[in-house]
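A structural walkthrough
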Amino acid sequence: MKKIFHINGTTIPGGGPEHIFQLIKRLNQNDWEVIICTLKDGLYWEKFKSLNIKTYNLALRIISLKTACKFFFILRKEKPDIIHTHGKGPGLYGRLIGSFLNIPVIHTFHGFHFQDIPFSTRWFHLAVETLLSLFTNHHIFVSAGEKNRARVLKFLDEENSTVIHNGVDHEHIDSLPITRNKALKLFKSENWEKNKILGTIARLSPEKGILCLLAAFSKTIKEIPDLRLIIIGGYPEEHNDYYLKVKSLIDKENLTDYVRILGYRQDTVKILKCFDFYISSSLSEGLPISMLEAFASGIPTIATEIAGNKDILCNSTFGVLAEPGSPESLHKGIIKMVQLTQDERDFFSRNGYNRIKTHFSIDEMVFKTDLLYKKIIKENAISKMVN
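Notes on the structure in this doc start here.

Thresholds, definitions, all that
Residues numbered from 1 in each chain as written. Predicted model: local features only at pLDDT ≥ 70, side-chain atom pairs only at ≥ 80, totals over all residues. Heavy atoms only, no water. Axes fitted to C-alpha atoms, helices over the stretch in contact; angles between N-to-C directions. Helix = DSSP H or I, 4+ residues; strand = E, 2+ residues; numbered from the N terminus. Parallel < 35°, antiparallel > 145°, perpendicular 65-115°, else oblique. Contact = heavy atoms within 4.5 Å. Nonpolar A, V, L, I, M, F, W, Y, C, P; charged D, E, K, R; others polar. Buried < 20%, exposed > 50% of the residue type's maximum accessible area, 1.4 Å probe, protein only. Pairing = 2+ DSSP bridges. Right-handed = clockwise from strand over helix to strand, strands pointing away. Salt bridge = Lys/Arg side-chain N within 4 Å of Asp/Glu carboxyl O. Phe/Tyr/Trp six-rings, centres within 6.5 Å; stacked < 30°, edge-to-face > 60°.

This part is about the packing of helix α9 (residues 210–220) against helix α10 (residues 240–252). Packing of α9 against α10 leaves a shortest axis separation of 10 Å and a crossing angle of 5 degrees. With respect to each other, α9 and α10 are oriented roughly parallel. Judged by residue contacts, Ile-210, Leu-211, Leu-214 and Ala-215 of α9 engage Tyr-242, Lys-245, Val-246, Leu-249 and Ile-250 from α10. Taken together, the residues of the contact of α9 with α10 sort by class into eight nonpolar, no polar and one charged.

Spelled out as structure tokens, the structure:
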């Protein structure tokens, strides 16, 4: 049995923790002993504990010599066969210290969003990532669009990088035994049963474009007054100001009776069952698991035309595309979707479900990751023998 050590920055609900949870849950326990080091700051801490794996609570999103020392001694104690890092801070600690201890490291980019960083500090971020690529045995990208964006890194090539799509359990999601009314009861909105419901799953942070979505929705309900909006997602502490802007816009546009912000939820996939339409207003994405879940639920989707979203939607046969950062374009996309006939929306639903089934299954994601682990461990063993 080989030992795999996952390093992540947070247990707050989101695509990253869900990806890691589903991967660990499905790895063959006869092949792998799994350990995870992350911060006990959210709902996924208990989900990881439920898998009966060893967990370490450490804040890895901040740069600290004390944290680096703690992490060094943890790794030296555990002696894993391979390290798998996720995110910026964990990627920094894991790759540098792993390299020092001669442990092979795989790093997953759940989103390579360097364009979102202010220009004044962007060069520093890229320089650090370029340097860290020298200490990385292999890079995983969750979408082809993300890998293309990362080609700006000098030492990244086809030999040390792979696209492994995020995946979802489409059969489980599709077969959930929950009615629209029961889904609405989960957040006490049974009075919305006869309304058309537009929904999104996104944390309240700038890159998710929630202010754009609300501006578009405010304009849309003037034409479709029975439309309602559900936002499932909370916000990290550093985005408290953005959350206040969201609340202020809801008050200013008199949207209180039309919008529900549900915060972080463990029953998100069940709530999806009451959505008539799904929307992603993001300005940047890796490969959004929430959209995969919407497709697996058969929900026709509107999404911004960005890398990540486009890797799923691909073209207009799978949903309606809108310009990122444009409330007017999102508004037109919502109107277009709502005005389609039921047969046309069913066409989107069937195409979307079949696309998830064929290209974004959870089993394929786990299979490819497992193969990569074994490949890197084998290469590392051969390298030690030669040296």
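With six of seven residues buried, strand β2 (residues 32–38) is to be regarded as a mostly interior element. Both strand β1 (residues 2–7) and β2 contribute to a ladder of six bridges, which runs parallel. Residue pairing across strands places Ile-7 opposite Cys-37, the latter belonging to β2. Handedness of the crossover joining β1 and β2 through helix α1 (residues 15–26): right-handed. Where β2 lies against strand β3 (residues 54–57), four bridges are found, and the strand directions are parallel. When the bridges of β3 are listed, Ile-36 appears paired with Thr-55. Regarding the hand of the β-α-β motif, the stretch spanning β2, helix α2 (residues 44–49) and β3 is right-handed.

This model, assessed by the stated rule, comprises 19 salt bridges. One salt bridge in this structure joins Glu-78 and Lys-3, with 3.2 Å as the shortest N-O distance. Within this pair, whereas Glu-78 is found in helix α3 (residues 65–78), its partner Lys-3 is found in strand β1, the two being separated by 75 residues in sequence. The same class applies to Glu-78 as to Lys-3, namely buried. Between Asp-31 and Lys-374 there is a salt bridge; the shortest N-O distance is 3.5 Å. Of the two residues, Asp-31 is situated in the loop between α1 and β2 and Lys-374 in helix α16 (residues 362–386); the sequence distance between them amounts to 343 residues.

We now examine the packing of aromatic side chains. Scanning the entire structure with this criterion turns up 13 aromatic pairs. Taking 6.4 Å as the distance between ring centres and 20 degrees as the angle between the ring planes, the aromatic pair formed by Phe-5 and Tyr-56 counts as stacked. Of this pair, Phe-5 sits in strand β1 while Tyr-56 sits in strand β3, and the two are 51 residues apart along the sequence. Each member of the pair Phe-5 and Tyr-56 is classed as buried. Here Phe-5 and Phe-71 contribute two aromatic rings whose centre-to-centre distance is 6.1 Å and whose plane-to-plane angle is 75 degrees, an arrangement assigned as edge-to-face. Linking Phe-5 in strand β1 with Phe-71 in helix α3, this pair joins segments that are 66 residues apart in sequence. Residues Phe-5 and Phe-71 agree in their burial class; the two are buried.

Everything listed is a geometric property; what it means functionally is a separate question.
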